[in-house]
Amino acid sequence: MNNEGEQWHWQEPETAWKGVGIYHITLVVSSRKPILGDLVIPDNDPEQAHVVLSAFGEEIKDCIKTIPNYHPEIQILALRMMPDHVHFILHVRRKMQIGIKAAVRGFWQAAKTIGRAYTSSIDPNGIRDNEQRVDPVFSEKPFIRPMSRKGQLQSMIRYVQMNPQRLATKRLKPGYFYVQHGVEIGERSYEAIGNIKLLQVERIKPVHVRRTMVDEAEHGADQRLLDYKNSCVLAARKGSVMVSPFISEHERAVLDVLLKEKHSIIYIADNGFGQYFKPSDALFDAVADGRLLILSPWTYDSRKKHVTRAECVEMNKMAEEIASSSIVPNGIRDN
């Protein structure tokens, strides 16, 4: 395992991280051991899913709740304990002397101290005490995401709160959330999550708002843009599967309607899927219902933050290819 100094590389090391803001923090237990608690799914109903914390998990939770005692600038807006990881959202209400990174590091060290007081090992039946040290608890790199976009906070709070329900859904419907590799469409190979049978439907249509439409709308002639967006929704209502990376705000507006009306969608992503990837918000529900397929021609890159113009152009080209392809893709797995 890397030494402690090597673990603490943050997402944006050039940023001071001392200012007022809202931050989403995720900490993952070493080797994903479920030492913090157990997921319970009453009657196999994801809506009733919840995590029953172990005594160790309760101590970690209490430790998180003490963060404002040491840093009065911080308010905890949301906290969700999962069996093998923790999400919490912090509001820094005024400039800090040490910064949010040091505050989270302080909690990490406190959790490490708590871990030294416990011993555990994981077997298929849960936790057996007095066999193996848990030191440190969170040995993987912490993830901190500053929030800056309108509406992002409420979406993130919902994401944090819904974690048990989403994990339960993944366990009950593993097929749709299984990452498939080597899905070949035409000359390209993709990673995929979701209902791959959407590639076999008779009608697949791309959603691609052209720059000329946007330019016209910006000069007051928006009818062609409105007609095109409406035509995409109408095509979906008639049974077409709509495919797009949904990059522009106008394409995302179409996506919002498609999701709200529960139409079938093929979504092209600009990054691959990590081992514990799960879609957020409405995309998650669409995957679970078999209404969504997410494709990416790239392998997962944890360092990736922004999509380039060249990638945008390429993804739109992929959507056109998928819509026009008559080739049945290889590597289809029944769900």
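Residues take numbers from 1 onward in each chain, read along the sequence in its written order. With the structure being a predicted model, the display of local features is reserved for residues of pLDDT at least 70 and the display and counting of side-chain atom pairs for 80 or more, all residues being used for whole-chain, interface and lining totals. Only hydrogens and water are removed before side-chain values are computed, so all heavy atoms of the structure are retained for them.

(A) Molecular detail of the overall build of the protein. Comment: elements are numbered from the N terminus, with helices defined as DSSP H or I runs of at least four residues and strands as E runs of at least two. In terms of helices and strands, the protein carries 12 helices and 14 strands. Each residue is assigned to one of three classes by its accessible area relative to the maximum for its type, calculated with a 1.4 Å probe on protein chains only: buried under 20%, partly exposed between the two thresholds, exposed over 50%. Per-residue burial over the protein gives 46% buried out of 335 residues. Note on areas: Shrake-Rupley with a 1.4 Å probe; residue coverage comes only from the protein chains shown. For the protein, the exposed surface amounts to about 17,600 Å²; the carbon and sulfur share of it is 48%.

(B) Quick peek at the pairing of strand β4 (residues 74-81). Only strands joined by at least two bridges in the DSSP assignment are considered to pair. Bridge count between β4 and strand β5 (residues 85-92): 7 bridges; the pairing is antiparallel. Opposite L79, over in β5, you have F88 as the bridge partner. Remark: 3 residues form the turn of the hairpin made by β4 and β5, two consecutive strands paired antiparallel.

(C) Expanded view of the sheet that holds strand β1 (residues 21-28). The antiparallel open sheet is built from 4 strands, whose spatial order is β4-β5-β1-β8. Edge positions in the sheet fall to β4 and β8 (143-147), since each of these pairs with one other strand and no more. Within this sheet the neighbouring strands show an average axis-to-axis angle of 20 degrees, counted without direction. Two strands pair when backbone bridges link them, and β1 and β5 are joined in this way by 8 bridges, in the antiparallel orientation. Of the residues in β5, the one forming a bridge with V28 is H85. For helices, the fitted axis covers only the stretch in contact; all axes are lines through C-alpha atoms, and the angles between them, taken along N-to-C directions, range from 0 to 180 degrees.

(D) Quick peek at helix α4 (residues 100-116). One less than the residue count of a helix, multiplied by 1.5 Å, gives the span that helix is expected to have. Between its first and last C-alpha, α4 extends 25 Å over 17 residues, near the 24 Å set by a 1.5 Å rise per residue. I100, K101, A103, V104, F107, W108, A111, K112, I114 and G115 are the residues of α4 that are buried.

(E) Layout of the packing of aromatic side chains. Centre distance within 6.5 Å is the pairing criterion for rings of Phe, Tyr and Trp, where only the six-membered ring of Trp is used; planes under 30 degrees apart are then read as stacked, over 60 as edge-to-face, and the remainder as tilted. Enumeration according to the criterion identifies 4 aromatic pairs in this entry. Ring centres of F273 and F277 lie 4.9 Å apart, and the angle between their planes is 50 degrees; on these two criteria the pair is classed as tilted. The exposure class of F273 is buried, given its relative accessible area of 6%. Ring-over charges, as used throughout, are those where CZ of Arg or NZ of Lys falls within 6 Å of the ring centre and within 35 degrees of the ring normal. Residue placement shows R166 over the ring face of F284; its charged tip is 4.9 Å from the ring centre.

(F) Summary view of the packing of helix α8 (residues 211-218) against helix α9 (residues 223-237). Contact pair α8 / α9: the axes reach a minimum separation of 7 Å and the direction vectors enclose 130 degrees. Here α8 lies oblique to α9, going by the angle between them. Residue-level inspection shows T212, M213, E216 and A217 of α8 in contact with α9, the latter providing R224, L225 and Y228. Residue type decides the class: Asp, Glu, Lys and Arg count as charged, Ala, Val, Leu, Ile, Met, Phe, Trp, Tyr, Cys and Pro as nonpolar, and the leftover types, Gly among them, as polar. Here the contact of α8 with α9 is built from residues that sort into 4 nonpolar, 1 polar and 2 charged. Any angle that falls under 35 degrees is termed roughly parallel, while one over 145 is termed roughly antiparallel, one within 65 to 115 roughly perpendicular, and all others oblique. In what follows, residue pairs with any heavy atoms lying within 4.5 Å of each other are defined as contacts.

(G) Quick peek at helix α5 (residues 152-161). Buried within α5 we find Q152, M156, I157, Y159 and V160. The arc that holds every buried residue of α5, seen down its axis, measures 160 degrees, which confines them to one face. Of the surrounding secondary structure, the elements contacted by the buried residues of α5 are β1, β4, β5, β8 and α6 (163-172). Each C-beta atom gives one direction from the helix axis, and the arc is the one those directions make.

(H) The sheet that holds strand β12 (residues 241-244), seen in detail. Taken in spatial order, the 6 strands make up an open sheet running β9-β10-β14-β13-β12-β11, and their pairing is mixed. Only two strands of the sheet have a single neighbouring strand rather than two, namely β9 (180-185) and β11 (204-206). Sheet twist, expressed as the mean angle between neighbouring strand axes with direction ignored, is 30 degrees. Two strands pair when backbone bridges link them, and β12 and strand β13 (residues 265-268) are joined in this way by 3 bridges, in the parallel orientation. The residue bridging V243 from the neighbouring strand is I266, located in β13. Packing against the sheet, helix α12 (residues 309-324) makes contact with β9, β10 (188-194), β11, β12, β13 and β14 (292-296), and its axis sits at approximately 85 degrees to β10.

(I) Structural detail: the environment of L255. Assignment of secondary structure puts L255 in helix α10 (residues 249-260). For L255, a relative accessible area of 8% translates into the label buried. Through-space distance from the C-alpha of L255 to that of K229 is 9.9 Å; in sequence the pair is 26 residues apart. Once residues lying within four places of it in the same chain are set aside, the contact partners of L255 are F246, I265 and Y267.

(J) Here's a closer look at the side chain of K170. Here K170 is to be found in helix α6. Ignoring sequence-local partners within four residues, the contact set of K170 consists of F177, Y276, F277, K278 and F284.

(K) Here's a closer look at the environment of L167. Structurally, L167 is set in helix α6. Assessed through its relative accessible area of 21%, L167 is described here as partly exposed. Each C-alpha atom, one on L167 and one on H50, is 9.6 Å from the other, the two residues being 117 residues apart in sequence. Not counting chain neighbours up to four residues away, the residues in contact with L167 comprise L39, M82 and P83.

These figures capture arrangement, not role.
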